[in-house]
Amino acid sequence: MSAPAHRHEDAVARYFEAWNAEDPAARAKAVAAAWTEDGGYTDPLADVRGHEQIAALIAAAREQFPGSVFRLAGAVDGHHHIARFAWELVNETDGSAPVAGSDVITLDEQGRIRAVLGFLDRVPAGA
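In short, a report on the structure. (Residues numbered from 1 in each chain as written. Predicted model: local features only at pLDDT ≥ 70, side-chain atom pairs only at ≥ 80, totals over all residues. Heavy atoms only, no water.)

Considering the overall build of the protein
- A count of helices and strands for the protein gives three helices and seven strands.
- Its C-alpha radius of gyration of 14 Å places the protein within 12% of the 14 Å reference for a compact globule of 127 residues.
- Along the first, second and third principal axes, the C-alpha atoms of the protein reach 40 × 30 × 25 Å.
- Buried residues in the protein amount to 39% of all 127 residues.
- Residue pairs at least 24 apart in sequence account for 45% of intrachain contacts in the protein once pairs closer than 6 positions are excluded.
- With the model as given, the accessible surface of the protein reaches about 6900 Å², and the carbon-plus-sulfur share is 55%. (Helix = DSSP H or I, 4+ residues; strand = E, 2+ residues; numbered from the N terminus. Rg over C-alpha atoms; globule rule 2.2 N^0.38 Å. Buried < 20%, exposed > 50% of the residue type's maximum accessible area, 1.4 Å probe, protein only. Contact = heavy atoms within 4.5 Å. Areas by Shrake-Rupley, 256 points an atom, 1.4 Å probe, with all protein chains shown as cover.)

Observations regarding the side chain of His-8
- Within the secondary structure, His-8 is located in helix H1 (residues 3-20).
- The buried category is assigned to His-8, whose relative accessible area is 2%.
- A distance of 3.1 Å separates a polar side-chain atom of His-8 from the backbone oxygen of His-80.
- Setting aside chain neighbours within four positions, we find His-8 in contact with Val-76, Gly-78, His-79, His-80, Ile-82, Ala-83 and Leu-107. (Polar contact = N/O pair within 3.5 Å; in protein donor to acceptor, adjacent residues only side chain to side chain.)

Everything listed here is a matter of coordinates, which is why it stays silent on function.
See below:
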């Protein structure tokens, strides 16, 4: 695998580390490792910037779906400073995946996320 492909996969791995961090301190550290200082996250339900807002968004999602983890659903596809990937939010107790989507990320020169553009493919009613 080429260095650019590893760059995309590494960035996505850091992204999931942030989304799956349960402890607030670990989450803050993971967000800082994954995103640039002024990085952003935008999907149909949120539009936030900066480490604090991103960490708060992740905390809210984890509170809404306790006992669930975000998992990659397929391969990471990337070129230049852009990658896309699909994901699912999987309940660790019963294996259900009530939420699924796909994201496009842009990276800086060091491989940190500048922006996430998220799309929700499956969301439970009332979420």
